[in-house]
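Per-entry structural report
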Amino acid sequence: MAGADADLLPRVANPMESIASERKAPSFPIRDLTYWLDGGKRVTEMKERIMLELERDPLWRVSDHPNLTLAETRERAMSKVRRLADLAVSRPLDETMMRLSIVSVVDPGFWTRFGVHFGLFFGALQGQATPSQLAYWLEKGALSMQGITGCFGMTELGHGSNVAGLETTATLDEKTDEFIIHSPTLTATKWWIGGAAHTATHCAVYAQLFVKGKCYGTKTFVVQLRDTKTFQLMPGVNIGDLGKKMGRDQIDNGWIQFTHVRIPRPNMLMKHTKVTRAGDVIAPPLAQLAYGALIQGRVSMVSDSANVAKRALTIATRYASVRRQFGSGKAGEPETKLLDYPIHQHRLLPLMAQTFAMIFAAREMTANYQQLMSVLGELGEDDEGPAVKDAIKNLKETHATSAGLKAFCTWMCLNIIDQCRQSLGGHGYSAYTGLSQAYSDFAVHCTWEGDNTILTLQCGRYLVATALDARNGQPLPDNLSYLRDVVSSGGSAAGKACKGDSVEQVSALDTLKAAWGSVAANAIRSAVRDFEAGLAKGLSKDNAYEFSSASRLHAARMHTYTYLLHRFAAQVDQSPPKLRPVLTLLAQLFGAHSAVQHSGEFLQSGFYSGAHVETLKAFVNTACGEVRKDAVPLTDAFGYTDYVVNSPLGRYDGNVYEKYFDLVTSLNPAKPVPYFDSLIKPLLERANESDPGPELEIDQE
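It should be emphasised that the depicted structure is a prediction, and the values quoted were computed from it without experimental measurement.

What to know about the overall build of the protein chain
A tally of helices and strands in the protein chain yields 25 helices and 11 strands. Relative to the 2.2 N^0.38 estimate, which gives 27 Å for 701 residues, the radius of gyration of the protein chain is 29 Å and therefore close to what a compact globule would have. With the C-alpha coordinates of the protein chain rotated into their principal frame, the extents come out at 100 × 75 × 65 Å. Relative to its 701 residues, the protein chain shows a buried fraction of 51%. When contacts within the protein chain are restricted to residue pairs at least 6 apart in sequence, those whose partners lie at least 24 apart make up 75%.

Side note on the sheet that holds strand E4 (residues 190-193)
One open sheet holds the 3 strands; their spatial order is E4-E8-E7, and the pairing between them is antiparallel. A single partner strand is all that each edge strand has here, and the edge strands are E4 and strand E7 (237-241). Taken pair by pair, the neighbouring strands of this sheet meet at an average axis angle of 20 degrees, ignoring direction.

Some words on the layout of surface pockets
Taken as a whole, the second largest pocket encloses approximately 840 Å³ of empty space. Together, 42 residues line the second largest pocket, and Val62, His65, Pro66, Gln437 and Asn646 are the ones closest to its centre. For the lining of the second largest pocket, the element with the highest residue contribution is helix H12 (residues 435-442), accounting for 5 residues. Class assignment of the residues belonging to the lining of the second largest pocket gives a composition of 17 nonpolar, 14 polar and 11 charged.

Re empty space enclosed by the protein
In total, this model carries 1 cavity of 30 Å³ or more according to the counting rule given. There is about 80 Å³ of room inside the largest cavity. Lining the largest cavity are Met78, Val81, Arg113, Phe114, Val116, His117, Met145, Thr149, Gly150, Gly194, Gly195 and Thr199. Listing elements by their share of the lining of the largest cavity, those giving two or more residues are helix H5 (70-90) and helix H7 (108-128). Tallying contributions element by element places H7 first for the lining of the largest cavity, with 4 residues. Here the residues of the lining of the largest cavity sort into 5 nonpolar, 6 polar and 1 charged.

Regarding the pattern of salt bridges
With the rule as written, the count across this model stands at 36 salt bridges. For Asp173, the salt bridge goes to Arg262, with nearest N and O atoms at 3.0 Å. With Asp173 in strand E2 (residues 169-173) and Arg262 in strand E9 (residues 261-264), the pair connects residues that are 89 residues apart, well separated along the chain. Residue classification places Asp173 among the buried residues on the basis of a relative accessible area of 16%. Its relative accessible area of 42% is what places Arg262 among the partly exposed residues. The network of salt bridges with shared partners includes Arg49, Glu53, Arg91, Glu95 and Arg99.

Some points on unusual backbone geometry
Of note in the backbone geometry, Phe231 takes a positive phi value of approximately 65 degrees without being a glycine. Among the secondary structure elements, Phe231 is positioned in the loop between strand E6 (214-224) and E7. The exposure class assigned to Phe231 is partly exposed, which follows from its relative accessible area of 36%. Phi is positive for Glu449, close to 55 degrees, though the residue is something other than glycine. You can see Glu449 is positioned in the loop between H12 and helix H13 (452-471).

Quick notes on the pairing of strand E5 (residues 202-211)
Among the 10 residues in E5, 9 count as buried, and that is most of the element. Pairing between strand E1 (residues 150-153) and E5: 4 bridges, direction parallel. In the sheet register, Cys151 faces E5, and the bridge partner there is Cys203. Alignment of E5 against E6, held across 9 bridges, turns out to be antiparallel. Each residue of the ladder has a partner; that of Ala204, found in E6, is Val222. The antiparallel hairpin formed by E5 and E6 contains 2 residues in its connecting segment, where Lys212 sits at a positive phi of about 55 degrees.

Here's the deal with the nonpolar core
Judged by nonpolar contacts, the single largest core of 145 residues is most densely connected at Leu33, Phe356, Leu583, Leu586 and Tyr608. No other element matches the 16 residues that helix H10 (residues 342-378) contributes to this core. Dropping the residues within four chain positions of it, Leu586 is found in contact with Met352, Ala353, Phe356, Phe568, Val627 and Leu634. With 27 residues, the next largest nonpolar core counts Ile181, Ala207, Leu209 and Phe258 among its residues.

Overview of a nonpolar patch on the surface
A cluster of nonpolar side chains, contributed by Val673, Tyr675, Phe676, Leu679, Leu683 and Leu684, occupies part of the molecular surface with about 610 Å² of accessible area. Checked against the element boundaries, Tyr675 lands in the loop between helix H24 (656-667) and helix H25 (676-685).

Let's talk about the packing of H10 against helix H19 (residues 580-597)
It is the contact of H10 with H19, at a shortest axis distance of 8 Å, that shows an interaxial angle of 105 degrees. Taken together, the axes of H10 and H19 are roughly perpendicular relative to one another. Taking contact as the criterion, the partners of Leu349, Pro350, Met352, Ala353, Gln354, Phe356, Ala357 and Phe360 in H10 are, on H19, Leu583, Leu586, Leu589, Phe590 and His593. When grouped by side-chain class, the residues that make up the contact of H10 with H19 number 11 nonpolar, 2 polar and no charged.

Rules behind the numbers
Residues numbered from 1 in each chain as written. Predicted model: local features only at pLDDT ≥ 70, side-chain atom pairs only at ≥ 80, totals over all residues. Heavy atoms only, no water. Helix = DSSP H or I, 4+ residues; strand = E, 2+ residues; numbered from the N terminus. Rg over C-alpha atoms; globule rule 2.2 N^0.38 Å. Buried < 20%, exposed > 50% of the residue type's maximum accessible area, 1.4 Å probe, protein only. Contact = heavy atoms within 4.5 Å. Pairing = 2+ DSSP bridges. Axes fitted to C-alpha atoms, helices over the stretch in contact; angles between N-to-C directions. 1 Å grid on protein atoms, 1.4 Å probe; cavity = no way out; pocket = protein on both sides within 12 Å on 5 of 7 lines; lining within 4 Å. Points joined across faces, edges and corners; volume = space filled by probe spheres on them. Nonpolar A, V, L, I, M, F, W, Y, C, P; charged D, E, K, R; others polar. Salt bridge = Lys/Arg side-chain N within 4 Å of Asp/Glu carboxyl O. Core = buried A, V, L, I, M, F, W, Y, C linked by side-chain atoms within 4.5 Å. Patch = residues over 30% accessible without salt bridge, like charges linked within 9 Å, V, L, I, M, F, W, Y side chains within 5 Å. Areas by Shrake-Rupley, 256 points an atom, 1.4 Å probe, with all protein chains shown as cover. Parallel < 35°, antiparallel > 145°, perpendicular 65-115°, else oblique.

Dropping the structure here:
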């Protein structure tokens with residue numbers, strides 16, 4: 001359009017200039033925040049080197065993923081396995097872990113396929129094999145994938161979260177010194193087993209141990225599935241393909257049935273429970289220590305939630321800084337950026353605060369887990385005394401905390417992905433803009449490694465038990481210290497309330513920490529009350545816990561939000577002075593926005609009044625406006641390259657429309673419609689057998 005008509009329209013702003021203006025005056029040094037988030041300059045430089053290596057490797061092309069078939073997706077994933085396997089055994093452990101962390105964002109389906117062997121199968125060997133057994137399987141190639149590719153056979157068609165109820169059996173044949181692995185029912189079929197359909201030669205099978213007619217519970221056995229030379233199935237092993245899934249099609253999930261499959265007795269992993277040649281079962285004195293290795297997956301998913309959320313927010317925030325809609329209506333002026341609308345700030349920036357909370361919680365959870373495993377690794381089988389008691393106490397706390405964090409962080413991340421996708425408008429529905437597939441790929445996090453609802457109930461059970469112990473004089477763990485102030489010996493909440501009415505007082509970080517502590521304690525007190533009410537009705541202890549399940553879940557939610565805020569505040573205190581103002585604001589936004597969302601809980605606990613809640617709402621408005629000024633620099637500090645972001649709408653330079661158009665047209669070149677002659681033409685040229693009716697004269701009145 002030219003001439004006077006063009007002057008009547010809003011001016012079309014250059015998207016690259018729009019995003020450049022966002023970076024002119026950040027309130028903090030971006031590079032310093034990147035170093036702080038990554039854990040130091042050396043780690044950031046290693047991350048950037050790995051991202052560049054992946055980007056330049058033709059095997060790691062990801063832009064065309066939406067157009068691949070199921071078979072092509074699986075084949076491409078498998079083509080990457082050898083290269084990454086070689087790097088995993090030849091490079092330092094910290095580099096390997098960083099590489100896998102990046103890969104989990106770039107290609108989550110491949111990360112799963114690779115992780116099934118290294119994380120689950122080999123992790124089972126590390127956590128449950130004796131030193132001599134581990135040495136044996138290492139010699140067989142279990143670490144390097146030279147001779148063995150493994151999978152993890154826990155889930156069954158009829159059982160998932162209830163591991164104790166698995167139906168697969170492992171029965172000792174004392175005459176031959178073998179275990180007989182068997183699937184006695186259809187529901188005992190191993191299901192959702194990643195790597196089983198095409199890849200695995202061996203499986204870490206979870207089965208009920210039977211010796212001399214007695215069941216000793218679920219143990220782990222290494223079962224060979226395929227001949228390593230011919231790849232033919234071993235006698236008694238049946239395997240099928242589960243086919244296409246909601247996401248992560250790179251992993252070849254399958255089902256496995258065992259029909260009286262014999263394995264040598266030493267193929268049972270015996271770090272904890274042992275079965276001798278004579279058929280004697282030696283149970284460990286501290287059986288619960290065996291569960292430490294199972295926490296690793298939950299801890300890693302807290303980190304994965306933070307990493308995936310960073311990518312989603314990078315896409316949505318950068319797009320919001322260049323996308324313009326509506327405006328003053330004055331001719332010749334550009335339309336308004338989405339990011340300048342208060343409602344869009346409310347849409348994205350509390351999610352930014354949530355993401356920072358997850359980053360810091362993941363950092364602390366990972367450090368605590370590593371410390372715990374180090375302590376457990378140093379304990380001898382016959383150790384007793386305070387060291388063992390402390391280890392068991394820490395194990396229970398880590399188990400419960402990781403369960404709550406895994407559940408609520410994965411739920412939180414899935415919501416962040418979808419809210420970011422919706423914020424892209426119609427473009428968010430495209431497979432080429434990065435977030436529709438991200439949602440499909442991430443959704444499984446809410447059900448694997450423990451269904452989220454079940455995990456929250458486990459966390460809630462621990463909270464109830466710990467509160468009851470505290471009532472009886474037992475010391476509280478640090479992350480439940482808020483119970484000291486708000487729960488008396490009789491179990492009633494103390495009367496803590498916000499001291500002050502100004503916005504500065506109501507929204508102060510210390511005030512928000514106290515507020516959330518009060519709410520969490522009140523929720524735990526309610527769960528304890530419901531549990532004791534169940535006991536008073538004559539219910540067994542387990543049934544009383546079921547009776548209080550709704551309040552236990554709620555207590556776990558309130559506790560996890562409290563934990564996230566407290567860990568966020570702790571990281572703020574440790575941060576460099578130049579970063580502290582923006583991190584403090586984000587921590588306040590997380591605490592205040594979450595409080596507004598759960599305002600009824602704060603009113604019920606008595607910490608905040610109705611007027612205080614209105615003050616918090618006003619603070620959230622102000623905080624969103626302040627964070628908006630740094631929104632793009634904050635996503636820049638996440639440190640993801642355009643290759644990792646993998647979305648034309650999330651490009652660093654803001655050239656979103658041109659790159660989006662180029663991507664769509666390059667992957668979908670014009671060509672004849674394949675079904676024109678067979679379907680469209682017959683539709684258009686079919687005979688009209690009905691009365692056409694009167695002609696419609698649109699110009700006649």
